[in-house]
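# Analysis of the macromolecular model
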Amino acid sequence: MATRSFLDRIRELSSEQKFVFYGSAIMAMSALMPWYSDLDSFRTGDTFLGVTGPMYLVGLLFLALGGIACATLFSRTVRDKIDHIFSSLGNFYMISAGFSAFLLLLTNSVFFHPRFGVNVVIKETRFGMLFALSGVILLGVGAYIMRKRQHRHGHLDLESTYEPLIKMPQQREHGGVDVEKTEVNQHTLL
């Protein structure tokens, strides 16, 4: 029954929130998948998950960022704290996507360096890395759409809520004389 309500909550998300949800969920899951393998000509070597190997910290960060981004969609407490720190959820998602893309670039630059690993010829990127990249792209697209929508609606909301601080009556009478309709000639005062 809890799974059914969770699926209903996913269906109720807006399109950009669905991008964020699927992107962050894929990012978090990719950290537990194989990212790259390094085998020598005798087929001995290692296959590294996102959370194992020399770049394990990148996988842990992917797991954490993906988990926090998912939590902001379903937990009001987490959403309020992130919103307070980053001033909007769109900013947090955009920063998370950019930082994650940088981490992927850094991880691949270390892995494909010629001095890393057993044999340069048999290095392979595994499907976990592709999942991580697709998660980052989905999160970035959702963040971009969300920020664009917030920016567009934010300006409309600000303009529509302008009201005067003090409301003045349209006509004011003072001693039987209509003040607004009386013109004072500046030359007569001199």
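What you are looking at is a predicted structure, and each value in this text was computed from that prediction instead of being measured. (Residues numbered from 1 in each chain as written. Predicted model: local features only at pLDDT ≥ 70, side-chain atom pairs only at ≥ 80, totals over all residues. Heavy atoms only, no water.)

Pairing is antiparallel across the open sheet formed by three strands, whose spatial order is S2-S1-S3. Pairing within the sheet leaves two strands with one partner each, and these edge strands are strand S2 (45–49) and strand S3 (123–125). Across the sheet, the mean angle from the axis of one strand to that of its neighbour is 10 degrees, orientation sign disregarded. Here strand S1 (residues 34–39) runs beside S2; their pairing, made up of five bridges, is antiparallel. Looking across to S2, one finds that Pro34 is bridged to Leu49. (Pairing = 2+ DSSP bridges. Helix = DSSP H or I, 4+ residues; strand = E, 2+ residues; numbered from the N terminus. Axes fitted to C-alpha atoms, helices over the stretch in contact; angles between N-to-C directions.)

This part takes up the packing of aromatic side chains. Given two aromatic rings, their pairing is described by the distance between the two centres and the angle made by the two planes. Throughout the structure, instances matching the rule amount to 10 aromatic pairs. Ring geometry for Phe6 against Phe74: centres 5.1 Å apart, planes inclined by 50 degrees, an arrangement best described as tilted. With a gap of 68 residues between them, Phe6 in helix H1 (residues 2–11) and Phe74 in helix H3 (residues 56–74) connect regions that are remote in the sequence. Residue classification places Phe74 among the buried positions, given a relative accessible area of 19%. Each residue in the set Phe6, Phe21, Tyr22 and Phe74 is aromatic and connected to the rest through ring pairs, giving one cluster. (Phe/Tyr/Trp six-rings, centres within 6.5 Å; stacked < 30°, edge-to-face > 60°. Buried < 20%, exposed > 50% of the residue type's maximum accessible area, 1.4 Å probe, protein only.)

Note that Ser100 resides in helix H5 (residues 89–111). The exposure class of Ser100 is buried, given its relative accessible area of 0%. A distance of 2.7 Å separates the side chain of Ser100 from the backbone oxygen of Ser96, its partner in a polar contact. In contact with Ser100, not counting residues within four places along its chain, are Met27, Phe62, Leu65 and Val136. (Polar contact = N/O pair within 3.5 Å; in protein donor to acceptor, adjacent residues only side chain to side chain. Contact = heavy atoms within 4.5 Å.)

For the rest of this paragraph, the subject is the pairing of S1. Burial of S1 is extensive: six of the six residues sit out of reach of the surface. In this structure, S1 lies alongside S3, joined through three bridges in antiparallel fashion. Following the sheet pairing, Asp38 is matched in S3 by Lys123.

With that settled, consider the confidence of the model for the protein chain. Scored by pLDDT, the protein chain has a mean of 80; 78% of the residues are at 70 or more. Here residues 155–162 is a poorly scored stretch, pLDDT under 50, and it has zero contacts once near neighbours within four places are set aside; other chains count. (pLDDT = per-residue confidence, 0-100.)

Turning our attention to the nonpolar core. Of all hydrophobic cores here, the largest spans 33 residues; its most connected members are Phe21, Trp35, Tyr36, Phe62, Leu73, Tyr93 and Leu104. Listing elements by their share of this core, those giving two or more residues are helix H2 (15–30), S1, H3, H5 and helix H6 (127–160). (Core = buried A, V, L, I, M, F, W, Y, C linked by side-chain atoms within 4.5 Å.)

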